[in-house]
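Spelled out from the first residue to the last, the chains are:
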2 protein chains.
Amino acid sequence: MTKPRVVIVGAGFGGLQCAHRLARRRIDVVLIDRHNYHLFTPLLYQVASSLLNPSEVAIPVRSIFRGSTRVRFRVATVTGIDLDARRLRMEDGAEIPYDTVVVAAGSRTNFFGLQALERSALGVKDLSDALGLRNHVLGCFEQALREEDPALRLRRMTFVIVGGGPTGVEYAGALSELFRLVLVSDFPDLEVEQARVVLLEARDRLLSEFPAELGDYARKRLESLGVDVYLNTAVAGYDGEAVTLAGGEKIGAASMIWAAGVRPAGLAGRLDVPRGRSGRIEVDEFLRVRGRETAFAIGDIAAVPGPDGDLLPMMAPPAMQAGRHAADNILRAARGRPLRPFRYRDKGIMATIGRNVGVARIGGVNLKGFIGWAAWLLVHLYFLIGFRNRLVVLIQWAWNYFRYDRPIRIISRPRRPGEEE
Amino acid sequence: MTKPRVVIVGAGFGGLQCAHRLARRRIDVVLIDRHNYHLFTPLLYQVASSLLNPSEVAIPVRSIFRGSTRVRFRVATVTGIDLDARRLRMEDGAEIPYDTVVVAAGSRTNFFGLQALERSALGVKDLSDALGLRNHVLGCFEQALREEDPALRLRRMTFVIVGGGPTGVEYAGALSELFRLVLVSDFPDLEVEQARVVLLEARDRLLSEFPAELGDYARKRLESLGVDVYLNTAVAGYDGEAVTLAGGEKIGAASMIWAAGVRPAGLAGRLDVPRGRSGRIEVDEFLRVRGRETAFAIGDIAAVPGPDGDLLPMMAPPAMQAGRHAADNILRAARGRPLRPFRYRDKGIMATIGRNVGVARIGGVNLKGFIGWAAWLLVHLYFLIGFRNRLVVLIQWAWNYFRYDRPIRIISRPRRPGEEE
């Protein structure tokens, strides 16, 4: 009997957990991702704010499955899946047959169809975004130094972040600290105190997934860090020089960072599957793509109802739990046993705001301030895969904490053959 | 009396030493570089071979001069210098007046006018090169995995390095170890043992700056690491698929890495100054640009005769010594004292070949094997600026040494606004 082949599309939190679980059994696993690394997205904003190296949040998938003979990894872009013939199609034309597929292709930045924004705003969703953002932010200060017109100089030093969810809040706090604790010493000839971080949120509070008390606390703490928080404020447009708000007001800014939401990866739209209003793939209670017995969908790309009827949030914990659950159901099906329905266990949510300040909701308890920050630190350190990364990240964090320094603030990008500088 | 202004063009080894020395005195120093970091070039090949992070060899210039009120740093590209009017011209049209200028703009890859090579070969000279090379090498193995034709697969896994100086030797050894110690476990489905590293040298031995005994030792050790060393072999052409040797022979290779030499930075050719055959700026015995009293030239861009009559090599130690000497002469001139002629003190040269294997020539003694490697390690660690970098680099090296792992092997590049992946 040949071993059944499970192909997992995406090496994010969901795909990785699924592969790990299957690798322990007699299952032939093929794991596919566009990149050769797993990205620890919750710490991406620290790469974008010059605190961590890319390699500290991006772990090579091959190093994770080193020594495993059951998981084969491929760097490729899946362009389509024939769910009847059970074949995946790759960008280069190659096809891969499967017995069961797990669609875990994740999400991408949601610009809500605003193409002008998409052209000039900076994302903070993947590693290329974070590196581009780091280069851009540091470059803005170098340009400001050369700028003789005070109004244009201020524009170079104004950073508008759109979206008051965890990413927006964490990046706003990190940028503000970068400016006030580090760049102020780096640029003695520049009035870095004038640099502005503006956080725009369309709803009436920050961190809408958290209890109102914590969202309100986050706003106050960000404001005490010097961040200008605008609530009930939607963005109408951006031309690279000024952000136009829905009310008509303009904020001069050479940078707009878009953290206002994500949408399912493009693959979801190229499959012949039922999709919900958000574009996420509909699944049954066993996490199978609705109407399919040999296709599962998990993580950001899947529309999984939570205990309150809403879809589960597009975050790491639901993806990880669903990845393990899908693996278990694949193993049950292989043994002819009945599948089990997926039940999400909410272990809490947390966000860091700045030095010694965080918020967390764990087990029905609200934590804030130092204890919220300490909880955030421990949990994130624990989940960073691999001892070495944990150690190096801890050193970086400790260095930053005690020295008010950020060691990574270099502007760099790789060259391609024949490319001029 | 206003303080005299010294403008230093280039924050490499020479420019940095010069700025450090001047910063201690009542001199107004402006330091200019195209990048916002100082690059520790001797370890660049380790970035290109997935061992070190960019931030471990690139130190932000602003962090080096943090707290100094005497050194002002500017990120800019100097396009010309009016040596009579004493003004620098920048790419953006701005001009900077000076009392004394120190030209320390360094060097760039020398393709010897072979434009076809320049288009398709990969350099290993600056940080963009090293990151591009890392992405490329890792990408070649991912591509090889998808390649069904054995000949094409082998071509993807063949890496031709041109130039048997320290850079070529060190990179050949590092690549071979990356393949044989690390990637062989990463790619169980690929016959990584077939991967070839070919080192081409036009002269009759490697490391021609070293005693013949050490060059011969380096060749034997590289060969025992599996590197194919071709001596007396010049390159005639490269089309991205095969390297054509001067004798007509072809080596199929999807990668050619050019480490065959450097030439002075483009700025040298845009100045109205006497230049030697190599294009380097001629200087008098005091390191002043020949015929000029207020312009100095140091490092790779300057033609400084050594004790044996040959020009000093384009390496860090002569640049560092000249940087300090130029600073001292500028200070002497400011006080109306006579300048002193520059005498280079050769403290030795060294190169690492692989795990536990290095060569060094120090104080007239040849060191090789483990002791040569240990000497290399200590000296390079010592010269890496800043305690933190030393500590992190030591951890990375120790990890690699004991675990046969390379933690940085991710393929990444920054995104620009509006750019699709």
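Scope of this entry: the structure provided in the associated data block.

## Section: the overall build of chain A
Here's step 1: In terms of regular secondary structure, chain A is built from twelve helices and 25 strands.
Here's step 2: Taken over C-alpha atoms, the radius of gyration comes to 22 Å for chain A, in line with the 22 Å a tight globule of 421 residues would show.
Here's step 3: Seen along its three principal axes, the alpha-carbon backbone of chain A occupies a region of about 75 × 55 × 45 Å.
Here's step 4: Residues classed as buried in chain A amount to 57% of the 421 residues present.

## Quick word on the relation of the copies chain A and chain B
Here's step 1: Mapping chain A onto chain B is achieved by rotating through 180° and translating by 0.0 Å along the same axis, at an RMSD of 0.0 Å. In short, the pair behaves as if placed about a two-fold rotation axis. Of every C-alpha in chain A, the one belonging to Arg-413 of chain A sits nearest the axis of rotation, 3.1 Å from it.
Here's step 2: Residue by residue, 100% of the interface of chain A is reproduced at the interface of chain B, so both copies engage with the same surface.

## Details of the interface of chain A and chain B
Here's step 1: Contacts between chain A and chain B engage 63 residues on the former and 63 residues on the latter.
Here's step 2: Here chain A and chain B share an interface that buries about 5,500 Å² over both sides, 51% of which is from carbon and sulfur atoms.
Here's step 3: Where chain A meets chain B, there are six salt bridges.
Here's step 4: Note that Glu-142 of chain A and Arg-62 of chain B form a salt bridge whose closest N and O atoms lie 2.8 Å from each other.
Here's step 5: Across the chain A-chain B interface, the total number found is ten residue pairs in polar contact (both at pLDDT 80 or more).
Here's step 6: Those elements that provide at least two residues to the side of chain A that touches chain B are helix 3 (54–57), strand 4 (58–60), helix 4 (61–64), strand 5 (71–75), helix 5 (115–120), helix 6 (127–146), helix 8 (166–186) and helix 12 (387–403) of chain A.

## With respect to the side chain of Thr-158 of chain B
Residues and elements named next belong to chain B.
Here's step 1: The topology assignment puts Thr-158 in strand 12 (residues 158–162).
Here's step 2: When its relative accessible area of 1% is taken as the criterion, Thr-158 is described as buried.
Here's step 3: Among the polar contacts listed, one links the side chain of Thr-158 to the backbone oxygen of Leu-154, at a separation of 2.7 Å.
Here's step 4: Leave out the neighbours within four places in its chain, and Thr-158 touches Arg-196, Val-198, Ile-251, Gly-252, Ala-253, Ala-254 and Ser-255.

## Some points on the pairing of strand 12 of chain B
Residue and element names in this part refer to chain B.
Here's step 1: Judged by how many residues are buried, strand 12 sits mostly within the fold: five of five residues are covered.
Here's step 2: Residues Thr-158, Val-160 and Val-162 point to one face of strand 12 and Phe-159 and Ile-161 to the other, with burial holding for every one of them.
Here's step 3: One ladder, built from five bridges, connects strand 12 with strand 13 (residues 196–200); its direction is parallel. Across the sheet, Val-160 pairs through a bridge with Val-198, a residue of strand 13.
Here's step 4: Chirality of the crossover, the property in question, places the unit of strand 12, helix 8 (residues 166–186) and strand 13 among those that are right-handed.
Here's step 5: Alignment of strand 12 against strand 18 (residues 255–258), held across four bridges, turns out to be parallel. The residue bridging Phe-159 from the neighbouring strand is Ser-255, located in strand 18.

## Description of a nonpolar patch on the surface
Here's step 1: Together, Val-379, Tyr-382 and Phe-383 of chain A make up a nonpolar patch on the protein surface, roughly 310 Å² of accessible area in all.
Here's step 2: Along the polypeptide, Tyr-382 of chain A turns up in helix 11 (residues 370–383).

## A short note on the packing of aromatic side chains
Here's step 1: What the rule picks out here adds up to 14 aromatic pairs over all chains.
Here's step 2: Ring geometry for Phe-370 of chain B and Trp-373 of chain B: centres 5.5 Å apart, planes at 40°, overall tilted. Highlighted residues: Phe-370 of chain B and Trp-373 of chain B, both in helix 11 (residues 370–383), separated by three residues, approximately one helical turn.
Here's step 3: The structure contains a cluster of three or more aromatic residues connected by ring pairs, namely Phe-141, Phe-159, Phe-179 and Phe-187 of chain A.

## Some words on the sheet that holds strand 15 (residues 235–238) of chain B
Adjacent strands of a sheet form backbone hydrogen bonds with each other and so pair up, either parallel or antiparallel.
All names here are of chain B.
Here's step 1: On the basis of which strands lie adjacent, the open sheet formed by three strands has the order 15-16-17 and antiparallel pairing. Bordering the open sheet on either side are strand 15 and strand 17 (250–252), each of which pairs with just one other strand. Pairs of neighbouring strands in the sheet enclose a mean axial angle of 20°, with direction left out of account.
Here's step 2: Pairing between strand 16 (residues 242–245) and strand 17: three bridges, direction antiparallel. Looking at the pairing, Ala-242 lines up with Gly-252 of strand 17.

## Quick word on the sheet that holds strand 11 (residues 122–123) of chain A
Residue and element names in this part refer to chain A.
Here's step 1: The strand order 11-18-12-13-14 describes an open sheet built from five strands, whose pairing is parallel. Every interior strand has two partners, whereas the edge strands, strand 11 and strand 14 (227–230), have only one.
Here's step 2: Each of strand 13 (196–200) and strand 14 touches helix 9 (residues 212–224); the most contacted strand, strand 14, lies at about 145° to it.

## Describing helix 8 of chain B
Residues and elements named next belong to chain B.
Here's step 1: Taking 1.5 Å per residue as the helical rise, helix 8 with its 21 residues ought to reach 30 Å, and the 28 Å between its terminal C-alpha atoms agrees with that figure.
Here's step 2: Phe-179 marks where helix 8 bends most, by close to 35°.
Here's step 3: Most of helix 8 sits out of view: 15 of its 21 residues are buried.

## Notes on the environment of Val-162 of chain B
Residue and element names in this part refer to chain B.
Here's step 1: Tracing the chain through its elements places Val-162 in strand 12.
Here's step 2: With a relative accessible area of 7%, Val-162 lands in the buried category.
Here's step 3: The spatial distance from the C-alpha of Val-162 to the C-alpha of Ile-8 is 33 Å, given a sequence separation of 154 residues.
Here's step 4: If we skip the residues at most four places from it in the chain, Val-162 touches Leu-200, Val-235, Met-256, Ile-257, Trp-258, Ala-259 and Ala-260.

## Structural notes on the packing of helix 6 of chain A against helix 8 of chain A
Residue and element names in this part refer to chain A.
Here's step 1: Where helix 6 meets helix 8, the closest approach of the two axes is 13 Å, and the angle between their N-to-C directions is 40°. In terms of orientation, helix 6 lies oblique with respect to helix 8. The hand of the helix 6/helix 8 crossing is right-handed. Between helix 6 and helix 8, the contacting residues are Leu-133, Val-137, Leu-138 and Phe-141 on the first element and Tyr-171, Leu-175, Leu-178, Phe-179 and Leu-183 on the second.
Here's step 2: Looking at the contact of helix 6 with helix 8, its residues break down into nine nonpolar, no polar and no charged.

## Digging into the environment of Pro-341 of chain A
Residues and elements named next belong to chain A.
Here's step 1: Here Pro-341 lies in the loop between helix 10 (316–334) and strand 23 (349–354).
Here's step 2: For Pro-341, a relative accessible area of 30% corresponds to the partly exposed category.
Here's step 3: In the structure, Pro-341 is positioned 212 residues away from Asp-129 in sequence and 37 Å away in space, judged by C-alpha atoms.
Here's step 4: Apart from the residues within four sequence positions on either side, Pro-341 is in contact with Glu-285, Phe-286 and His-325.

## Remarks on the pattern of salt bridges
Here's step 1: The full count for this structure, using the stated rule, is 34 salt bridges over all chains.
Here's step 2: Where Lys-368 of chain B meets Glu-213 of chain B, a salt bridge forms, and the shortest distance between an N and an O atom there is 2.8 Å. Here Lys-368 of chain B, found in strand 25 (residues 365–369), pairs with Glu-213 of chain B, found in helix 9 (residues 212–224); they are 155 residues apart in sequence, far enough to count as distant.
Here's step 3: By relative accessible area, Glu-213 of chain B is classed as partly exposed at 41%.
Here's step 4: In this structure, Arg-288 of chain B and Asp-284 of chain B form a salt bridge, with 3.0 Å as the shortest nitrogen-oxygen distance.
Here's step 5: Three or more residues joined by partner-sharing salt bridges are found here, namely Asp-216, Arg-219, Lys-220 and Glu-223 of chain A.

Cut-offs applied
Residues numbered from 1 in each chain as written. Chains lettered and ligands numbered in written order. Predicted model: local features only at pLDDT ≥ 70, side-chain atom pairs only at ≥ 80, totals over all residues. Heavy atoms only, no water. Helix = DSSP H or I, 4+ residues; strand = E, 2+ residues; numbered from the N terminus. Rg over C-alpha atoms; globule rule 2.2 N^0.38 Å. Buried < 20%, exposed > 50% of the residue type's maximum accessible area, 1.4 Å probe, protein only. Least-squares fit on C-alpha atoms with pLDDT ≥ 70 in both. Contact = heavy atoms within 4.5 Å. Buried area = accessible area lost by both parts, 1.4 Å probe. Salt bridge = Lys/Arg side-chain N within 4 Å of Asp/Glu carboxyl O. Polar contact = N/O pair within 3.5 Å; in protein donor to acceptor, adjacent residues only side chain to side chain. Pairing = 2+ DSSP bridges. Right-handed = clockwise from strand over helix to strand, strands pointing away. Patch = residues over 30% accessible without salt bridge, like charges linked within 9 Å, V, L, I, M, F, W, Y side chains within 5 Å. Areas by Shrake-Rupley, 256 points an atom, 1.4 Å probe, with all protein chains shown as cover. Phe/Tyr/Trp six-rings, centres within 6.5 Å; stacked < 30°, edge-to-face > 60°. Axes fitted to C-alpha atoms, helices over the stretch in contact; angles between N-to-C directions. Expected span 1.5 Å × (residues − 1). Bend = angle between axes of the 7 residues up to and from the residue. Parallel < 35°, antiparallel > 145°, perpendicular 65-115°, else oblique. Left-handed = near helix turned anticlockwise from the far one by under 90°. Nonpolar A, V, L, I, M, F, W, Y, C, P; charged D, E, K, R; others polar.

Nothing here speaks to function; it is all geometry.
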